[in-house]
Amino acid sequence: MAENNSKLATGESKVTRAARKAEKRRAAEELRRRRTGQLENAKLAVERLEKALNAFENDTVRHRALSSHLQGFYEEIDKLTKSKALVEATDLVVQQSNYIIQDAKDLIKGDVHLDRVKEFVPAGTNPEYRDVLLVLRAIQQSLARCETQSEGRKKNLTSELRGARTISAALQCYLDGKEDSIPSKAEIQAVVGGSVTGDCFAEYEDGNDYFDFEKLDRHDLDAYLGQTTVHKDQAQ
């Protein structure tokens, strides 16, 4: 009887161990699927942010070119205004002014003061030089406001892209590494080939920083990417 009970207990123990192994395997597979999905989303975020940053850089080049052109044109109209303030502007001046207005409106969105600026109607009586100068001055001020706002926008985009690359690299290292291995900051820096977002890491008992997957899992990925811009001073 005792022998039978022992065999039964041994059999139950084997079944229990097998069930635990199966459960552990399912959990590992589910985690891997989740990490794979997170990686795909992170890569999409990197691609989106890279495109946004490239578009921003292109707009910056256009902004500088327009500002330079406007500065020279403004100075010439200013000279004419001092001697011909009440004289009608030439058709060429009106045409060039309209080009500048068009370019500024195409480049700058959401500036209520620029939105109020209207192109000169190239028909009938042309505006006086002083009116042209007033419009050009309004555009100069709009470009200056845009430049100030752009500095903050570039910092945010750069920080968000750094965070997305950090997360993407961490997930790739995890999927390429050994089971349950947590990539270190040094490993991720090597993959990224540059700086990473320090807020994505946690210090472990060995004194080294490792990617904080628990923090990643507590948030929607898009929301988490946004949070990586909060502590910009921790980027190293």
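Structure shown above.
Read on for an overview of the structure. (Residues numbered from 1 in each chain as written. Predicted model: local features only at pLDDT ≥ 70, side-chain atom pairs only at ≥ 80, totals over all residues. Heavy atoms only, no water.)

A few points about the pattern of salt bridges
Point 1. Under the counting rule described, the total for this entry stands at 14 salt bridges.
Point 2. Note that Glu 50 is salt-bridged to Arg 165, the shortest N-O span being 2.9 Å. Taken together, the positions of Glu 50 in helix H1 (residues 2–84) and Arg 165 in helix H4 (residues 129–176) put the pair 115 residues apart, joining distant regions of the chain.
Point 3. Given the relative accessible area of 30%, Glu 50 is considered partly exposed.
Point 4. For Arg 130, the salt bridge identified is with Glu 128, shortest N-O distance 2.8 Å. (Salt bridge = Lys/Arg side-chain N within 4 Å of Asp/Glu carboxyl O. Helix = DSSP H or I, 4+ residues; strand = E, 2+ residues; numbered from the N terminus. Buried < 20%, exposed > 50% of the residue type's maximum accessible area, 1.4 Å probe, protein only.)

Some points on the nonpolar core
Point 1. Ile 167, Leu 171, Ile 188, Phe 211 and Leu 216 are the most contacted members of the largest nonpolar core, which totals 26 residues.
Point 2. Among the secondary structure elements, those contributing two or more residues to this core are H1, H4, helix H6 (213–217) and helix H7 (221–227).
Point 3. Top contributing element to this core by residue count: H4, with nine residues.
Point 4. Contacts of Leu 171, omitting those with residues within four sequence positions, involve Arg 35, Gln 38, Leu 39, Ala 42, Phe 213 and Leu 216. (Core = buried A, V, L, I, M, F, W, Y, C linked by side-chain atoms within 4.5 Å. Contact = heavy atoms within 4.5 Å.)

Remarks on the layout of surface pockets
Point 1. Put simply, the largest pocket is a space of about 500 Å³.
Point 2. Lining of the largest pocket is provided by 20 residues; of these, Phe 56, Thr 60, Cys 146, Glu 147 and Ser 150 occupy positions nearest its centre.
Point 3. Taken together, the elements giving at least two residues each to the lining of the largest pocket come down to H1 and H4.
Point 4. For the lining of the largest pocket, the element with the highest residue contribution is H4, accounting for eight residues.
Point 5. Classifying every residue of the lining of the largest pocket gives five nonpolar, five polar and 10 charged. (1 Å grid on protein atoms, 1.4 Å probe; cavity = no way out; pocket = protein on both sides within 12 Å on 5 of 7 lines; lining within 4 Å. Points joined across faces, edges and corners; volume = space filled by probe spheres on them. Nonpolar A, V, L, I, M, F, W, Y, C, P; charged D, E, K, R; others polar.)

Examining the packing of H4 against helix H5 (residues 185–192)
Point 1. For the pair H4 and H5, the least separation of the axes is 9 Å and the interaxial angle reads 110°. What the angle tells us is that H4 and H5 run roughly perpendicular. Where H4 abuts H5, its residues Arg 165, Thr 166, Ala 169, Ala 170 and Cys 173 lie against Ile 188, Val 191 and Val 192.
Point 2. A per-class count over the contact of H4 with H5 returns six nonpolar, one polar and one charged. (Axes fitted to C-alpha atoms, helices over the stretch in contact; angles between N-to-C directions. Parallel < 35°, antiparallel > 145°, perpendicular 65-115°, else oblique.)

As for the packing of helix H2 (residues 91–107) against H4
Point 1. Where H2 meets H4, the closest approach of the two axes is 11 Å, and the angle between their N-to-C directions is 20°. Judged by the angle between their axes, H2 and H4 are roughly parallel. Between H2 and H4 the crossing geometry is left-handed. For the pair H2 and H4, the contacting residues are Val 93, Ser 97, Ile 100, Ile 101, Ala 104 and Leu 107 in the first and Tyr 129, Val 132, Val 135, Leu 136, Ile 139 and Leu 143 in the second.
Point 2. Among the residues forming the contact of H2 with H4, the class breakdown is 11 nonpolar, one polar and no charged. (Left-handed = near helix turned anticlockwise from the far one by under 90°.)

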